[in-house]
Amino acid sequence: DGDAAPALGDASFSFDQVLGPAASQADVYTPIEPLVRQVALGGVSGAVLCYGQTSAGKTFTMEGPMCHCSNESRGIVQRSLETLFDAIREARAADSEACFKVHISMVEIYVEKLRDVLDLDSEADLQITADQNGRTQVRGLCEVQVEDLAA
């Protein structure tokens, strides 16, 4: 676990890792790759959050460059999906009856408004709520089943 940072008012914060401005996309992804693999094989829902001030590089970190010109600059989303589907292929190779379903949703919070990244034309009033089991969900968010990276 991370070390506690100095308190700010009544709040304190801790960090698992701090990366400098020269950190590569691989440097950012490498610490979470084992968690993505564990979640993939454990049948657990997962989320990746990116938080920061305007122009801090959140979109680049998540998506990589707009040109998709460099394999090294792939973002967390692409790398996570690669890890996920690699883990599924390995599990299926070990057990031909293994069954996996992958659904993804992507939401952006900007100026306190939720936006469905997979359905940019949506007029849905997205709301963060809890389901009957107490799990956090975004009501009205598009969910897409993904079979492989080519989809």
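Because the structure is a prediction, the values reported are computed rather than measured.

Draft legend 1. Summary view of the overall build of the chain. Along the chain, the regular secondary structure elements total four helices and eight strands. In terms of its C-alpha atoms, the chain occupies a principal-axis envelope of roughly 55 × 40 × 35 Å. Counting all 151 residues of the chain, 18% fall into the buried class. A separation of at least 24 residues holds for 41% of the contacts in the chain among residues at least 6 apart in sequence. If the 11 positive side-chain charges of the chain are averaged to one point and the 24 negative ones to another, these points end up 3 Å apart.

Draft legend 2. Seen up close, the pattern of salt bridges. The final tally for this structure, using the stated rule, is six salt bridges. Among the ionic pairs, R74 bridges to E82, the shortest N-O distance being 3.0 Å. According to the relative accessible area criterion, R74 is buried, its value standing at 19%. Put simply, E33, R37 and E90 are held in one network by salt bridges that share partners.

Draft legend 3. Region of the structure containing the side chain of T83. Assignment of secondary structure puts T83 in helix α4 (residues 76-94). A polar atom in the side chain of T83 sits 2.6 Å from the side chain of Y29.

Draft legend 4. Region of the structure containing the side chain of D116. Take D116: it is sitting in strand β5 (residues 113-116). The side chain of D116 is buried and forms no salt bridge, while R115, the nearest opposite charge, is found at 8.3 Å. At 3.0 Å, the side chain of D116 forms a polar contact with the backbone nitrogen of L118.

Draft legend 5. Structural detail: the confidence of the model for the chain. On average, residues of the chain score 85 in pLDDT, and 93% of them are at 70 or above. Highest mean pLDDT in the chain belongs to helix α1 (residues 25-29) (93); lowest belongs to strand β1 (residues 3-4) (58).

The rules behind each value
- Residues numbered from 1 in each chain as written.
- Predicted model: local features only at pLDDT ≥ 70, side-chain atom pairs only at ≥ 80, totals over all residues.
- Heavy atoms only, no water.
- Helix = DSSP H or I, 4+ residues; strand = E, 2+ residues; numbered from the N terminus.
- Buried < 20%, exposed > 50% of the residue type's maximum accessible area, 1.4 Å probe, protein only.
- Contact = heavy atoms within 4.5 Å.
- Lys, Arg positive; Asp, Glu negative; His and termini not counted.
- Charge placed at Lys NZ, Arg CZ, Asp CG, Glu CD.
- Salt bridge = Lys/Arg side-chain N within 4 Å of Asp/Glu carboxyl O.
- Polar contact = N/O pair within 3.5 Å; in protein donor to acceptor, adjacent residues only side chain to side chain.
- pLDDT = per-residue confidence, 0-100.

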